[in-house]
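The residues making up each chain are set out below.
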Amino acid sequence: MHGTLDKRPQLRIGILGGSSLLGERALPLLAQTGHPTSAFTRSLPPKVSCPDVTWRNADNWHGLTLDTCLSFAPIWVLPDYLERLTSAHVKRVVALSSTSRFAKQASPDARERALAQRLVRAEEQLEQWAIERQIEWVILRPTMIYGFGRDKNISQIARFIQRFGFFPLIDGATGLRQPVHADDVIQACLSALSTPGLPSGGYNLSGGEVLPYHTMVRRIFQALGCPERTLPLPAKALTQVVSIMRCLPRYRHLSGALVARMNQDLVFDHSDASDRLGFAPRAFHLMGEDLPGR
């Protein structure tokens with residue numbers, strides 16, 4: 001993967017969430033460009049060092065000046081850093097949010113509705129802060145991120161198949177999906193840092209292929225080299241299965257609302273990101289490195 005961040009003019013870049021999956025992939029690319037980068041962490045920095053990347057404690061902004069800041073952290077964390085960004089004289093902030101702010105607003109699950117509202121509130125706080133201070137702001141909203149066996153979407157399905165040898169589906173499972181690879185999201189992030197004249201606003205980042213949920217699951221079976229064994233179940237029965245699975249720590253985060261969504265279309269237009277950021281996401285074809293280890 002090649003980043004699209006131009007080497008000139010030199011930018012002073014801040015990174016929040018540098019130890020996340022996306023952060024760990026982005027930092028070496030930033031290092032290659034030669035832009036001096038400050039990555040913030042609340043824990044010990046990763047052992048792998050990158051040239052031109054300086055790790056700082058998340059509370060240590062003393063004497064720091066930044067041109068741009070890219071946040072891979074959950075967007076609701078960002079408001080805690082806005083005043084620090086003001087003091088660093090930042091000119092542009094790029095933050096990752098999620099299309100879940102739209103997809104889960106009307107969820108029957110109160111926890112999912114709360115998540116959607118959390119995303120909305122954080123986006124609104126960033127927008128208001130930036131407009132008041134005449135700072136450029138960009139919110140990137142990926143759909144279902146996958147890649148490197150560490151995501152919480154495709155890898156979760158793959159782990160279930162690896163463990164149980166089958167996957168349960170609601171009858172039909174025809175809801176459309178657009179899985180987006182982590183590296184394609186990073187490409188958009190790097191473009192958003194430096195693209196001149198980029199209008200402030202929100203940009204959806206969806207995958208390069210639209211496919212039904214059941215086809216997405218079939219591709220995962222194929223990538224794993226496993227015989228396709230799906231178990232069609234009525235919605236009520238599958239919801240009960242999810243409730244039982246939630247008793248296990250690994251699946252505690254699951255929601256019964258995901259059952260109904262298997263037949264709901266979650267499709268988001270990424271043409272603005274393509275036009276403004278050169279976003280060109282790949283089709284959904286899993287490589288070995290995209291799957292979790294056994």
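Everything below is about the structure printed above this text.
Residues numbered from 1 in each chain as written. Predicted model: local features only at pLDDT ≥ 70, side-chain atom pairs only at ≥ 80, totals over all residues. Heavy atoms only, no water.

Trainee: Break down the sheet that holds strand β4 (residues 68-71) for me, citing the residues and quoting the values.
Mentor: If you trace the seven strands from one edge of the open sheet to the other, you get β3-β2-β1-β4-β5-β6-β11, paired in parallel fashion. One side of each edge strand has no neighbouring strand; the edge strands of this open sheet are β3 (53-57) and β11 (201-205). Shown here is a sheet whose adjacent strand axes are inclined to one another by a mean of 20°, direction ignored. The sheet contact formed by β4 and strand β5 (residues 92-96) spans four bridges and is parallel. Looking at β5, one finds that Thr68 is bridged to Arg92. Each of β5 and β6 (136-142) is contacted by helix α4 (residues 110-133), which is oriented at about 160° to β6, the strand it contacts most. Sheet strands touched by helix α6 (residues 182-194): β1 (13-16), β4, β5, β6 and β11. Its angle to β5, the strand with the most contacts, is close to 165°. (Pairing = 2+ DSSP bridges. Helix = DSSP H or I, 4+ residues; strand = E, 2+ residues; numbered from the N terminus. Axes fitted to C-alpha atoms, helices over the stretch in contact; angles between N-to-C directions. Contact = heavy atoms within 4.5 Å.)

Trainee: Could you give an account of α6, naming the residues involved and the relevant values?
Mentor: Working note: α-helix, 3.6 residues per turn, so residues spaced by three or four point in the same direction. With 13 residues, α6 should cover 18 Å at 1.5 Å per step; its first-to-last C-alpha distance of 19 Å lies within 8% of that length. Where α6 is concerned, the buried positions are Ala182, Asp183, Asp184, Val185, Ile186, Gln187, Ala188, Cys189, Leu190, Ser191, Ala192 and Leu193. (Expected span 1.5 Å × (residues − 1). Buried < 20%, exposed > 50% of the residue type's maximum accessible area, 1.4 Å probe, protein only.)

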